[in-house]
Amino acid sequence: MRIALLAILLVCVQAESMAQSINRKKNRGIFPTFGNYDKKGWVFSPLFTYTLPPFSNASETIPINDAQSYEVDYTAVGRIGLGVEAGRFYAVETSRLINYYDFTLGFKNIRGVERYSATLVDSNGAGSNIAEGEGVFALNYITASFNIHKMNQISNTTFIQNSLGVNVDYNISENATYNDRGIPLDPVDTDPLLAQIHYRFGVGIKIAPNVMMIPSLETAILTVYEFDDFKSTLPVFNSRYRPVIGRVSFLLLDKKADRECPSNGKRKKGKSETLFGK
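Please read all numbers here as calculations on a predicted model, not as lab measurements.

## Digging into empty space enclosed by the protein
Taken as a whole and assessed by the stated rule, the structure comprises 3 cavities of 30 Å³ or more. Estimates place the volume of the largest cavity at around 130 Å³. In terms of lining, the largest cavity is formed by 14 residues, of which the most central are Lys108, Asp169, Gln196, Pro243 and Ile245. Empty space within the second largest cavity amounts to approximately 80 Å³. Contributing elements (two or more residues each) for the lining of the second largest cavity: strand 1 (37-52), strand 5 (100-122), strand 6 (127-153), strand 9 (211-225) and strand 11 (239-255). Split by residue class, the lining of the second largest cavity holds 4 nonpolar, 8 polar and 4 charged.

Below, the structure is given as structure tokens:
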């Protein structure tokens, strides 16, 4: 899983490098002027989640007595959940590394399945009496996040976005069932509080003078709480899942306050164009 994440990050870095090269060749600003709009506004994001299962399944041996034990193999299965976020964003004009940052609050639903196959093994190594079952979970989190974003233009109206952020989630309710069929399994309960550092990659487009739309994918790169040997996956039952969050973010720029015209009737010369306005 760590190798896969490294590969994803390398692809994203290469895409960003290509966008920077294009931007330098065409010598254009990131976005045209939004003369009537401020350099801050609202962000609204409908989203979906998917619990990406591990590449290798977990297994364990559960002793029953001196002569018998269960050999159990677990198979994690991902499911899709839904959510929504909303908050405020603010442009940063004094940094070359950050174009804007945002604060959001929201709700997200994390869902998945764990299936198992248990074989009763006796002291001579013979296996028999295979039992199968599954557990199903749905975790409902309220979530708060802070994100910083870097945009690189690929055309007059499109850009690539790389983001880093911190999310703090609290499980307000859950629906979990596990059919152990009398086998002494010990499914793990998740901690209600979750804090992570995450990475997000998106491709954005300006769809109106004051509206940008940014489809993106996000995954955690480190779980801060509860810290578990630098792992970023979510332990549920006897498996670990990687929640991947897909969202479509809409950035809505605030309209500037009305200003009085100069007394001589002439317009003042504006400053150079930037991402979010003059």
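Having seen the model, we can carry on.
## Re unusual backbone geometry
In most cases, non-glycine residues show a negative phi, while peptide bonds are predominantly trans. Residues tyrosine 225 and glutamate 226 are joined by a peptide bond in cis, for which omega reads -10°. Mapping glutamate 226 onto the fold places it in the loop between strand 9 and strand 10 (234-236). A positive phi angle is found at arginine 181, which is not glycine, with a value near 55°. The topology assignment puts arginine 181 in the loop between strand 7 (158-178) and strand 8 (193-208). Backbone geometry at phenylalanine 237 places phi at a positive 60°, although glycine is not the residue there. As for its position among the elements, phenylalanine 237 is in the loop between strand 10 and strand 11.

## Re the nonpolar core
By size, the foremost hydrophobic cluster in this structure holds 21 residues, and its most contacted members are Val72, Tyr116 and Leu185. At the level of elements, strand 3 (68-78), strand 5, strand 6 and strand 10 are the ones that each hand at least two residues to this core. Within the second largest apolar cluster, 10 residues are counted, among which are Tyr100, Met151, Ile214 and Leu251.

## What to know about a nonpolar patch on the surface
A cluster of nonpolar side chains, namely Phe44, Val84, Phe107, Ile142, Val166, Val168, Tyr170, Ile172, Leu193, Val224 and Tyr225, defines an oily patch on the protein surface of about 890 Å² accessible area. Only strand 7 and strand 9 provide two or more residues apiece to the nonpolar patch. On the secondary structure map, isoleucine 172 appears in strand 7. Judged by relative accessible area, isoleucine 172 falls into the partly exposed class, the value being 48%.

## Looking at the packing of aromatic side chains
Where two aromatic rings form a pair, the distance of their centres and the angle of their planes describe that pair. Using the criterion set out here, one finds 10 aromatic pairs in the structure. Aromatic side chains phenylalanine 137 and phenylalanine 237 sit 5.7 Å apart centroid to centroid with 80° between the ring planes, which places their arrangement in the edge-to-face category. On the criterion of sequence distance, the pair formed by phenylalanine 137 in strand 6 and phenylalanine 237 in the loop between strand 10 and strand 11 is long-range, its members being 100 residues apart. Residues phenylalanine 137 and phenylalanine 237 agree in their burial class; the two are buried. Measuring from centroid to centroid gives 5.2 Å for phenylalanine 137 and tyrosine 241, while their planes differ by 70°, and the two rings are edge-to-face. Of the two residues, phenylalanine 137 sits in strand 6 while tyrosine 241 sits in strand 11, which places them 104 residues apart along the sequence. You can call phenylalanine 137 buried: its relative accessible area is 2%. Overall, tyrosine 241 belongs to the buried group, its relative accessible area being 0%. Every member of this aromatic cluster is reached through a ring pair, and the members are Tyr116, Phe137, Tyr178, Phe237 and Tyr241. Taking the ring centre of tryptophan 42 as reference, the NZ or CZ of arginine 88 above it sits at 4.6 Å.

Analysis parameters
Residues numbered from 1 in each chain as written. Predicted model: local features only at pLDDT ≥ 70, side-chain atom pairs only at ≥ 80, totals over all residues. Heavy atoms only, no water. 1 Å grid on protein atoms, 1.4 Å probe; cavity = no way out; pocket = protein on both sides within 12 Å on 5 of 7 lines; lining within 4 Å. Points joined across faces, edges and corners; volume = space filled by probe spheres on them. Helix = DSSP H or I, 4+ residues; strand = E, 2+ residues; numbered from the N terminus. Nonpolar A, V, L, I, M, F, W, Y, C, P; charged D, E, K, R; others polar. Core = buried A, V, L, I, M, F, W, Y, C linked by side-chain atoms within 4.5 Å. Buried < 20%, exposed > 50% of the residue type's maximum accessible area, 1.4 Å probe, protein only. Patch = residues over 30% accessible without salt bridge, like charges linked within 9 Å, V, L, I, M, F, W, Y side chains within 5 Å. Areas by Shrake-Rupley, 256 points an atom, 1.4 Å probe, with all protein chains shown as cover. Salt bridge = Lys/Arg side-chain N within 4 Å of Asp/Glu carboxyl O. Phe/Tyr/Trp six-rings, centres within 6.5 Å; stacked < 30°, edge-to-face > 60°. Lys NZ or Arg CZ within 6 Å of the ring centre and 35° of its normal.

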